[in-house]
Amino acid sequence: MTQRVALFISGGGSNMIRLVEDMKGDHPARPVVVLSNVPDAGGIPAAARMGVPTVTVDHRPFGKDRAAFEAALMAELKRFRPDVICLAGFMRVLTADFVRPFAGRMLNIHPSLLPKYKGLHTHQRALEAGDHEAGCTVHLVTPELDDGPILGQARVPVLPDDTEATLAARVLAREHQLYPAVLRRFVSGQTEPLFL
Ligand code: GRF
């Protein structure tokens, strides 16, 4: 039975695009909706061009009322009956109440080798620490930020003349390889983590 995947974005959606492009042919899953909290996110027209339904739920009118924003998000999400949720450049922290119904079925990609550098500015922090390696991680989402079981990681070298931008670009290219490979394994029931 084809698994229904909802993808959450906040920006350009480069990871979402690679995931949608990969869910074809014998892939056990198909994208059913791309949701964004940012109405003019570049990934929304990109998803529409690929024929994927899109929904935006602007978080700004809800102010600090996170529960109300998530209730609106959940109301839209339920219309598409997703089996799996892929957070792909989604920049809102989701509460335990939102995450709990999708425990074990919500994935996220984070631009560091977790458990190192949870949170933001991961590349700058790796450079400041003098790390010789960086990378990205796909993990199951739990109520704890950037903390769930690791499903896959990809490593890149940190070069002496790297800036935050050059390192981010090198990691992003690996994200585009890692996330589709991990999602294929996940929806195929393969639970062993993938290390690229
Ligand atoms: C990526 O670095 C991803 O790791 C992080 O958001 C950034 C932008 O992702 N979660 P995308 O291009 O919007 O997929």
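Above: the structure in question.
Source: prediction; values computed, not measured.

With respect to the site of the ligand
Here is step 1 of the chain: Around the ligand, the neighbouring residues are G12, G13, S14, N15, A88, G89, I109, P111, L172 and E175.
Here is step 2 of the chain: In this structure, I109 approaches the ligand through a main-chain N or O atom, which is 3.3 Å from a nitrogen atom.
Here is step 3 of the chain: Protein contact buries 79% of the 370 Å² of open area that the ligand shows by itself.
Here is step 4 of the chain: Mapped onto the shell around the ligand, the elements with two or more residues apiece are α1 (14–22) and α6 (164–187).
Here is step 5 of the chain: The residue inventory of the shell around the ligand, partitioned by class, reads four nonpolar, five polar and one charged.

Overview of the sheet that holds strand β8 (residues 194–195)
Here is step 1 of the chain: Pairing in this open sheet of eight strands is mixed, and the strands run β3-β2-β1-β4-β5-β6-β7-β8 from one edge to the other. Each of the sheet's edge strands pairs with one partner strand only, and the pair in question is β3 (54–56) and β8.
Here is step 2 of the chain: Direction of pairing for strand β5 (residues 106–110) relative to strand β6 (residues 133–140): antiparallel, over a ladder of four bridges. Looking at the pairing, L107 lines up with L140 of β6.
Here is step 3 of the chain: Here α6 sits on the sheet and contacts β1 (3–9), β2 (29–36), β4 (84–87), β5, β6, β7 (150–157) and β8; the angle it forms with β7, its principal contact strand, is near 155°.

Considering the packing of α1 against α6
Between two packed helices, the angle of one axis relative to the other and the distance separating the axes together describe the packing.
Here is step 1 of the chain: Remark: α1 packs on α6, axes separated minimally by 9 Å, with the N-to-C direction vectors making an angle of 40°. As the angle between them shows, α1 and α6 are arranged oblique. In this structure, α1 meets α6 at a crossing whose hand is right-handed. Within the contact between the two elements, α1 uses S14, N15, R18, L19 and D22 and α6 uses L172, E175, H176, Y179, P180, L183 and R184.
Here is step 2 of the chain: Looking at the contact of α1 with α6 residue by residue, the class counts come to five nonpolar, three polar and four charged.

Details of the side chain of D162
Here is step 1 of the chain: Take D162: it is sitting in the loop between β7 and α6.
Here is step 2 of the chain: Judged by relative accessible area, D162 falls into the buried class, the value being 11%.
Here is step 3 of the chain: Discounting chain neighbours no more than four positions away, the residues touching D162 are L127, P157, L167 and R170.

Regarding the nonpolar core
Here is step 1 of the chain: With 36 residues, the main nonpolar core has L7, M16 and L107 as its most contacted residues.
Here is step 2 of the chain: Examining the composition of this core, we find that seven residues originate from one element, α6, more than from any other.

Looking at the packing of aromatic side chains
Here is step 1 of the chain: Here the structure, examined in full by the defined rule, presents four aromatic pairs.
Here is step 2 of the chain: With a centroid separation of 6.2 Å and 65° between ring planes, the pair formed by F8 and F98 is classed as edge-to-face. In this pair, F8 is assigned in strand β1 and F98 in helix α4 (residues 96–99), connecting sequence segments 90 residues apart. By the burial criterion, F8 is buried, and F98 matches it.
Here is step 3 of the chain: Both rings, one in F98 and one in F102, keep their centres 6.3 Å apart while their planes meet at 35°; by these two values the pair is tilted.
Here is step 4 of the chain: Classification of F102 by relative accessible area gives buried; the value is 7%.

Some thoughts on α1
Here is step 1 of the chain: Residues of α1 that are buried include every one of N15, M16, I17, L19 and V20, and no others.
Here is step 2 of the chain: Of the surrounding elements, those touching the buried residues of α1 are β1, β2, α2 (43–49), β4, β5 and α6.

Cut-offs and rules
Residues numbered from 1 in each chain as written. Predicted model: local features only at pLDDT ≥ 70, side-chain atom pairs only at ≥ 80, totals over all residues. Heavy atoms only, no water. Near = heavy atom within 4 Å. Polar contact = N/O pair within 3.5 Å; in protein donor to acceptor, adjacent residues only side chain to side chain. Areas by Shrake-Rupley, 256 points an atom, 1.4 Å probe, with all protein chains shown as cover. Helix = DSSP H or I, 4+ residues; strand = E, 2+ residues; numbered from the N terminus. Nonpolar A, V, L, I, M, F, W, Y, C, P; charged D, E, K, R; others polar. Pairing = 2+ DSSP bridges. Contact = heavy atoms within 4.5 Å. Axes fitted to C-alpha atoms, helices over the stretch in contact; angles between N-to-C directions. Parallel < 35°, antiparallel > 145°, perpendicular 65-115°, else oblique. Left-handed = near helix turned anticlockwise from the far one by under 90°. Buried < 20%, exposed > 50% of the residue type's maximum accessible area, 1.4 Å probe, protein only. Core = buried A, V, L, I, M, F, W, Y, C linked by side-chain atoms within 4.5 Å. Phe/Tyr/Trp six-rings, centres within 6.5 Å; stacked < 30°, edge-to-face > 60°.

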